[in-house]
Amino acid sequence: MKIQLGVLMDPIENIHYKKDSTLAMLWEAEKRGFAIFYFGQKDIFMRDAKVYAKGHSLKVFHDPKKWFEFGPEKTLDLAELDILLMRKDPPFNIQYVFTTHLLDHVEKAGVLVVNKPQSLRDANEKLFTSWFPECTPPTLISRSIDLLQDFFQEHKNIVCKPLDAMGGFSIFHLQYPDKNAAVIFETLTESQKKLTMVQRFIPEITKGDKRILMINGEPVPFALARIPAENDWRGNLAAGAKGVAQPLSDRDRFIAETVGPVLRAKGIFFAGLDVIGDFLTEINVTSPTCIRELDEQCKLNISAQLFDCLEKQLS
């Protein structure tokens, strides 16, 4: 019997054909003969404690001019699915949280939701690293400008970032003394109303911000080092960084082995660890990317590894 796969994602017509990781997953699902049902966050709803979505059956193609085709629109009881991929990109806002509450009911009905809805809520991609202090650089999370200034004076060279952004957005690099520090702290904390994160700057960023993909707590054996553009210091592909695959180092494997069992226990089947030098800086659990780059450069099929794992869970 065909596996029924649902995918909740951003508009498929707007994805980056050459880089999109969800498309790689859908190609693999198509190859395996799965029946694919596509819908967006705006399409999901609950009626009398049952969760439904208005969406389409979906076919996908290896064609940059036509990479998808919809069947007729229909409304589906999501309990009829076997697997549901939650691949909605951030922002992680209150609407995203409400969606995960609906997906709790889908999971309760017996559907394998990837990743687990409760863990999507619990595992803030920056704060989650605090559970692994042996892997992280010196870090402060606060809304107090005095505490942020003290940390800056102590470490001299720091990175400041909001807890709810992605793609390198609103990340600042400060070197002591910097007359802009006060206004940056005021901006990030919205005048001490919002928590923000500051960390000691890791100079190895020039060698790349490594993305290590994790499948059910086990690392893919190669990382994608996202090397900053010449006129930037951020290791984000969205900020113009270049992705170069490289084998995992011993330290990378230590970090993966430390974090992996917790991911597995939390039902986080697919995650991306961000590592700069010897330090874990983020754990991406919402819609990690870099499948396409690693597949191409290392002759892998990461989506096949993921679906092998998910089919095993179903059985």
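Numbers given to residues run from 1 along each chain, matching the order in which its sequence is written. Given that the model is predicted, a residue must reach a pLDDT of at least 70 before its local features are reported, and side-chain atom pairs must reach 80 or more before they are shown or counted; all residues, however, enter totals for whole chains, interfaces and linings. For side-chain calculations, the full set of non-hydrogen atoms in the structure is used, while hydrogens and water are omitted.

Concerning the sheet that holds strand β9 (residues 157-162)
Any two strands with at least two DSSP bridges between them are considered paired. Helical segments are the DSSP runs of H or I of at least four residues, strand segments are the runs of E of at least two, and each set is numbered from the N terminus. Strand order in the open sheet formed by 4 strands is β8-β11-β9-β10, with antiparallel pairing between adjacent strands. Lying at the two open borders of the sheet, with one neighbouring strand each, are β8 (139-142) and β10 (172-175). The sheet shows a mean angle of 20° between the axes of neighbouring strands, taken without regard to direction. Relative to strand β11 (residues 196-200), β8 is paired through 4 bridges, and the arrangement is antiparallel. By the bridge assignment for β11, Leu140 is matched with Val198. Axes here refer to lines fitted to C-alpha atoms; in helices the fit is confined to the stretch in contact. Angles between the N-to-C directions go from 0 to 180 degrees.

Details of the nonpolar core
Here, the term nonpolar core denotes a set of buried Ala, Val, Leu, Ile, Met, Phe, Trp, Tyr and Cys residues that are joined through side-chain atoms within 4.5 Å. Here's how the labels work: a residue is buried when its accessible area is under 20% of the maximum for its type, exposed when over 50%, partly exposed in between, all with a 1.4 Å probe on protein chains only. The biggest cluster of nonpolar side chains holds 39 residues, and the ones touching the most others in it are Leu5, Ile12, Leu26, Leu85 and Leu310. At 6 residues, the largest contribution of residues to this core is made by helix α1 (residues 21-31). Residues contacting Leu85, with those up to four places away along its chain left out, are Leu5, Gly6, Val7, Leu8, Met25, Val114, Phe307 and Leu310. The next biggest cluster of nonpolar side chains, apart from the first, holds 37 residues, and it includes Ala123, Cys135, Ile255 and Val285. By the convention used here, residues are in contact when the closest approach between their heavy atoms is within 4.5 Å.

Here we look at the packing of aromatic side chains
Only Phe, Tyr and Trp rings are paired, with Trp represented by its six-membered ring, and only when their centres lie within 6.5 Å; those with planes under 30 degrees apart are stacked, over 60 edge-to-face, the remainder tilted. On inspection of all chains with the given rule, the structure shows 12 aromatic pairs. With a centroid separation of 5.7 Å and an interplanar angle of 35°, the aromatic rings of Phe37 and Phe39 are classed as tilted. In this structure Phe39 comes out as buried when scored by relative accessible area, which is 0%. Aromatic pair Phe68 and Phe70: ring centres 5.1 Å apart, planes at 55°, arrangement tilted. In this structure Phe70 comes out as partly exposed when scored by relative accessible area, which is 32%. Among the aromatic residues, ring-to-ring pairing joins Tyr17, Trp27, Tyr38, Trp67, Phe68 and Phe70 into one connected group. To sit over a ring, a charge needs its Lys NZ or Arg CZ within 6 Å of the ring centre and within 35 degrees of the ring normal. Over the ring of Tyr176 we find Lys156, and its NZ or CZ is 4.4 Å from the ring centre. When the ring centre of Tyr17 is taken as reference, the NZ or CZ atom of Arg292 above it lies at 5.8 Å.

Quick look at the pairing of strand β16 (residues 270-276)
Most of β16 sits out of view: 7 of its 7 residues are buried. Burial along β16 is two-sided: the residues Phe270, Gly272, Asp274 and Ile276 and Ala271, Leu273 and Val275 are all buried. Where strand β12 (residues 209-215) lies against β16, 7 bridges are found, and the strand directions are antiparallel. Paired with Ile212 across the two strands is Leu273, which belongs to β16. By the bridge criterion, 5 bridges tie β16 to strand β17 (residues 279-284) in an arrangement that is antiparallel.

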